[in-house]
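# Results of the structural survey
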Amino acid sequence: MKKITTLLLMFLVSQNIIAQIPAGKKVISALYVYSTKTGKSELILREQRHFEAPNWSRDGKFLLINSLGKLEKISPTGEKLGMLNTGTIQKANNDHGYSFDGKTLFISSGKPDVKGGSYVYKVGSEGGEPTLLTEKTPSYWHGVSPDGSRFVYCASRNDNFDIYAMDSNGGPEIRLTDAPGLDDGPEYSPDGKYIYMNSFRMGKMQIWRMSADGSNQEQMTFDDYSTWFAHISPNGKVATVISYVKDQADKHPFGHQVKLRLLDLKTKKLTDLTEEFYGGQGTINVPSWSPDGKKFAYVRYELEDITP
């Protein structure tokens, strides 16, 4: 999740979004759309700034990214469509996304009057003043049930990150995992039967899944990569995942060689989708499939020398 490597300089992009940038460098962000039909990625936006985590709107009309604590709309061909109104919430991080019916947006953000931290909010898809859902921090949204009644999130309680669920109108936390080590990235399958996640419980970051009530926890990937964030396709048959080429233990840092892969949810077979590229934190943190399941969005990064 928000993990820091000792080899990179922490640069505060906003009070809640930390980009890990080597000294003397600045970031170029490039937004790509991958077509499952052609097997190719198309560059739609490249800018000399840091942005992250594209969601695809449920009507297919735009992509939602976060940058400097705010949320922006980008058309599928790269045109800027303006900021999404999030009221007093101006510290959005890279964990955000829409309900299956497209009517609700969940946002992970710091509070206006609190330094640091992350809480889960919800707001109508057209924007407005968000409603606070989680009272405790840190809490990072990652998924919502198909019927919209419950959302799932990663949260650190008593110094351990686990998966929790909550009624979408707020209420008590329901703890779904209790294994030692980091559990992160929970996301529902479209039929609501499973919650997929990544877990470090066996000493290697791999994809797992469990029944929606937290039972029947099952490992899905078994290799030497550090693999995160299973984003389930609309047909429920496959998932995109991001894999670090070199083992990162339980960390999900910015600025490493990664590749995107496709996980067959029935056979558990993994297939490479992209070559290795410079990315990591911010590349594909949240659900980013197009509504028709034919495309998904992600971010690649580059470093550029800062001119003296």
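Quick summary incoming for the structure in this document.

Reading the values: rules and limits
- Residues numbered from 1 in each chain as written.
- Predicted model: local features only at pLDDT ≥ 70, side-chain atom pairs only at ≥ 80, totals over all residues.
- Heavy atoms only, no water.
- Helix = DSSP H or I, 4+ residues; strand = E, 2+ residues; numbered from the N terminus.
- Buried < 20%, exposed > 50% of the residue type's maximum accessible area, 1.4 Å probe, protein only.
- Polar contact = N/O pair within 3.5 Å; in protein donor to acceptor, adjacent residues only side chain to side chain.
- Contact = heavy atoms within 4.5 Å.
- 1 Å grid on protein atoms, 1.4 Å probe; cavity = no way out; pocket = protein on both sides within 12 Å on 5 of 7 lines; lining within 4 Å.
- Points joined across faces, edges and corners; volume = space filled by probe spheres on them.
- Nonpolar A, V, L, I, M, F, W, Y, C, P; charged D, E, K, R; others polar.
- Core = buried A, V, L, I, M, F, W, Y, C linked by side-chain atoms within 4.5 Å.

For the rest of this paragraph, the subject is the side chain of D162. For D162, the location among the structural elements is in strand β15 (residues 160–167). Classification of D162 as buried rests on a relative accessible area of 0%. Looking at D162, its side chain comes within polar contact range of the side chain of N160, at 2.9 Å. When near neighbours in sequence (up to four residues on either side) are disregarded, D162 contacts Y153, C154, A155, R175, T177, D178, A179 and D183.

This part takes up the layout of surface pockets. The space that makes up the largest pocket amounts to roughly 330 Å³. Residue lining of the largest pocket: 22 residues in total, with R58, F100, E187, I232 and P287 positioned closest to the centre. The set of elements that each furnish at least two residues to the lining of the largest pocket consists of β5 (52–56), β9 (92–98), β13 (139–144) and β17 (183–188). A total of four residues in the lining of the largest pocket trace back to one element, the largest contributor, which is β13. In terms of residue class, the lining of the largest pocket is built from 12 nonpolar, eight polar and two charged.

L182, W228, I242, L260, I284, F296 and Y298 are the most contacted members of the largest nonpolar core, which has 22 residues in total. Elements represented by at least two residues in this core include exactly β3 (25–35), β21 (226–232), β22 (238–244), β23 (256–264) and β26 (295–305). Setting aside residues no more than four positions away along its own chain, I284 makes contact with F229, H231, T240, I242, L260, F296, A297 and Y298. Counting residues in each nonpolar core, the second largest holds 15 residues, with L31, L45, F51 and W56 among its members.

Before going further, it helps to spend a moment on the environment of M210. Within the fold, M210 resides in strand β19 (residues 206–211). C-alpha separation for the pair M210 and Y196, spaced 14 residues apart in sequence, amounts to 6.5 Å. Ignoring sequence-local partners within four residues, the contact set of M210 consists of I163, L176, T177, K193, Y194, I195, M197, S215, N216 and Q217.

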